[in-house]
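In case you want the letters, here they are:
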Amino acid sequence: TKTTISVIKADVGSVSGHGVAHPALLDICEDTLENARETGLLNDYYITRCGDDIDMIMTHRNGEENEEVHETAFTAFMKATEKARELKLYGAGQDLLSDTFSGNIKGMGPGVAEMEFKERPSDPVIVYCCDKTEPGAFNLPLYKIFADPFNTAGLVIDPSLHDGFKFEVFDVMEHRKVIMECPEESYDLLALLGSTGRYVIKRIFKKNGEIAAAVSTERLNLMAGQYVGKDDPVAVVRAQSGFPAAGEVIEPFAFPHLVSGWMRGSHNGPLMPTSQEEANPIRFDGPPRIIGLGFQVADSELIGPVDLFDDPAFDPTRKEAANIATYMRRHGPFEPHRLPSEEMEYTSLPGVLTKLEERFKKMD
Ligand code: F6R
Ligand code: MG
Ligand code: MG
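Throughout what follows, the structure given in this document is the object of discussion. All values derive from a computational prediction rather than experimental measurement.

What counts, and where the lines are drawn
- Residues numbered from 1 in each chain as written.
- Chains lettered and ligands numbered in written order.
- Predicted model: local features only at pLDDT ≥ 70, side-chain atom pairs only at ≥ 80, totals over all residues.
- Heavy atoms only, no water.
- Patch = residues over 30% accessible without salt bridge, like charges linked within 9 Å, V, L, I, M, F, W, Y side chains within 5 Å.
- Areas by Shrake-Rupley, 256 points an atom, 1.4 Å probe, with all protein chains shown as cover.
- Salt bridge = Lys/Arg side-chain N within 4 Å of Asp/Glu carboxyl O.
- Helix = DSSP H or I, 4+ residues; strand = E, 2+ residues; numbered from the N terminus.
- Near = heavy atom within 4 Å.
- Polar contact = N/O pair within 3.5 Å; in protein donor to acceptor, adjacent residues only side chain to side chain.
- Nonpolar A, V, L, I, M, F, W, Y, C, P; charged D, E, K, R; others polar.
- Donors = N, O, S within 2.8 Å, 3.2 Å for Na, K, Ca; no water.
- Pairing = 2+ DSSP bridges.
- Axes fitted to C-alpha atoms, helices over the stretch in contact; angles between N-to-C directions.
- Contact = heavy atoms within 4.5 Å.
- Buried < 20%, exposed > 50% of the residue type's maximum accessible area, 1.4 Å probe, protein only.

## Considerations on a nonpolar patch on the surface
Step number 1: On the surface, Leu 349, Val 352, Leu 353 and Phe 360 cluster together to form a nonpolar patch covering roughly 330 Å² of accessible area.
Step number 2: Looking at the element boundaries, Phe 360 is found in the segment after helix H9 (349–356).

This is the structure:
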């Protein structure tokens, strides 16, 4: 028998502005998932939040893209939305593109990262949840975890990792995907992954096909055809014996790399790793946050979590991120703090150009 871990997330309303999901919403999600656990649909679950996003981590035996599991998550978010409306929370129901469930939660707004696997004798799994950024934010750290020997010592010294990994990359603009092998094609892979708004890692496998990592890649703004919030992503990564060690999976986040998102989904800023408690994007609606939770999966139950960035060893990263935030902010409305116009979630540029159309004069 196999275990499935499904992480499904949505922003259905927050305090004040796009800041923090209200605890009452998490309680409502808890009720719905607890019912599903009592009926046996779920084996276990853990609910958390990063900024204004609620993240539901669920284990069960029903495989990926299971209709009932997805419907349960959707129902939880619908009920939480009612409460959000009652409290007049900001952006109530913002990530739900429909009010009726239609078979699969994909395309309906919430983000999904899930994987099914046969449990090893001991199976450490790490879940990451972000706010104020997009799925491509995981490209750099996942590349480092699974392909960079300067991050992951095991790629060089552990015979069970020495083979490398396969990366499934989505082209979110053209709705197509490609699988690439590392280390063989690492330079070609990096040529894609550097374009974080277009090419995003969806899944990573061992060379024998075993699943190693999965990321939510929904781009809400592309689905809805207009701005409805950033696509604050989640990822699930397996660790140890045959996979990178937990510490190798965590290490890349000691570098607060620049990601797109932040204020109005239209700025580059440092990804700051914090504890669950400190996952409150406040300064200029940010800077972008990531939390990490370490579990052991045991007979389809979640043992843990350990709040991975609740570690003084990450204090210098947070300080560096705060300094980078100050440095980036000093650019005000200029690139590369402000995103290039094609990538902005908000823009007044077409309107400004229309207004200036007749005043623009051809130059010889
Ligand atoms: C970014 C984000 C916020 C909002 C900003 C403006 O992902 O959620 O930065 O974009 O607070 O929000 P509105 O347009 O709702 O006033
Ligand atoms: Mg929001
Ligand atoms: Mg959010």
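## Quick notes on the site of ligand 1
Step number 1: For ligand 1, the set of nearby residues contains eleven residues, the closest of which are His 18, Tyr 90, Arg 264, Asp 285 and Tyr 346.
Step number 2: Take His 18: an N or O atom from its side chain is 3.2 Å from an oxygen atom of ligand 1.
Step number 3: Take Arg 264: an N or O atom from its main chain is 2.9 Å from an oxygen atom of ligand 1.
Step number 4: Computed on the free molecule, ligand 1 has an accessible area of 410 Å², of which 80% lies beneath the protein chains in the complex.
Step number 5: Taken together, the residues of the shell around ligand 1 sort by class into five nonpolar, two polar and four charged.

## Some words on the coordination of the magnesium ion (ligand 3)
Step number 1: Looking at the metal site, the magnesium ion (ligand 3) is ligated by Asp 52 (OD), Asp 53 (OD), Asp 131 (OD) and Asp 232 (OD), spaced 2.0 to 2.1 Å from it.
Step number 2: Positions of the donor residues of the magnesium ion (ligand 3), expressed as sequence spacing, correspond to D-D-x77-D-x100-D.
Step number 3: A spacing of 4.8 Å is found between the magnesium ion (ligand 3) and the magnesium ion (ligand 2), which share Asp 52 as a donor. Pair noted here: Asp 53 is in strand S5 (residues 53–60) and Asp 232 is in the loop between helix H6 (220–224) and strand S12 (234–238), with a separation of 179 residues, a long-range link.

## Focus on the sheet that holds strand S6 (residues 111–117)
Step number 1: What the four strands build is an open sheet, ordered S4-S5-S1-S6; its pairing is antiparallel. Edge positions in the open sheet fall to strand S4 (44–50) and S6, since each of these has one partner strand only. Across this sheet, the average inter-strand angle for adjacent strands is 10°, counted without regard to direction.
Step number 2: Against the sheet, helix H1 (residues 23–38) touches S4 and S5, its axis set at about 165° to S4.
Step number 3: Each of strand S1 (3–10), S5 and S6 touches helix H2 (residues 67–86); the most contacted strand, S5, lies at about 150° to it.

## Here's the deal with the coordination of the magnesium ion (ligand 2)
Metal coordination angles in their ideal form are 109.5 degrees for the four-donor tetrahedron and 90 or 180 degrees for the six-donor octahedron.
Step number 1: Binding of the magnesium ion (ligand 2) to the protein goes through Asp 11 (OD), His 18 (ND1), Asp 52 (OD) and Gln 94 (OE1), at separations of 2.0 to 2.8 Å.
Step number 2: As a motif over one chain, the donors of the magnesium ion (ligand 2) read D-x6-H-x33-D-x41-Q.
Step number 3: The class of Asp 11 is buried, set by a relative accessible area of 0%.

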